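Structure at a glance
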Amino acid sequence: MTNHRTTSAGPLLTVEAAERLSTSPRFIRRLIAERRIEFVKVGRHVRISEAVLAEFIEAGKVSPLTAASLRHNMRGVA
């Protein structure tokens, strides 16, 4: 049983962000250490805003490959 304390207005803890991304908190900490995601440090805790997490998810999306997109990409290759 997981306890979700996240509200739309409140910031996310790294553990909650990891749950949203279906990954481990270690991955989120690595993103923070490499400065690849914006964060706010509050005492010992690191918080990530809902908007920043949404932007990170959106930036990682790649359009699926289709036959038409493959043909289009192959036109530039001789």
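My aim in this report is to walk through the structure given alongside it, one point at a time. (Residues numbered from 1 in each chain as written. Predicted model: local features only at pLDDT ≥ 70, side-chain atom pairs only at ≥ 80, totals over all residues. Heavy atoms only, no water.)

Moving on, we get to the sheet that holds strand β1 (residues 12-13). Spatially, β1-β3-β2 is the arrangement adopted by the three strands of the open sheet, whose pairing is antiparallel. Looking at the sheet topology across the chains shown, the edges are occupied by β1 and β2 (40-42). Pairing geometry for β1 and strand β3 (residues 45-48), over two bridges, is antiparallel. Counterpart to L13 in the pairing with β3 is R47. (Pairing = 2+ DSSP bridges. Helix = DSSP H or I, 4+ residues; strand = E, 2+ residues; numbered from the N terminus.)

The next subject is unusual backbone geometry. Unusually for a residue other than glycine, S22 sits at a positive phi of about 55°. Examined against the element boundaries, S22 turns out to sit in the loop between α1 (14-21) and α2 (25-33).

Enumeration according to the criterion identifies three salt bridges in this entry. With its nearest N and O atoms 2.3 Å apart, the salt bridge here joins R20 to E50. Of this pair, R20 sits in helix α1 while E50 sits in helix α3 (residues 50-59), placing them 30 residues apart in sequence. R36 is paired through a salt bridge with E34; the nearest N and O atoms lie 3.6 Å apart. One network of salt bridges, in which partners are shared, links R30, E34 and R36. (Salt bridge = Lys/Arg side-chain N within 4 Å of Asp/Glu carboxyl O.)

Within α1, burial applies to T14, E16, A17 and A18. S22 sits one or two residues past α1 and shows a positive phi near 55°. (Buried < 20%, exposed > 50% of the residue type's maximum accessible area, 1.4 Å probe, protein only.)

Once that is clear, we can look at the pairing of β3. Of the two faces of β3, only the one carrying V46 and I48 is buried; H45 and R47 on the other face are not. Across three bridges, the pairing between β2 and β3 is antiparallel. Bridged to V42 within β3 is H45.

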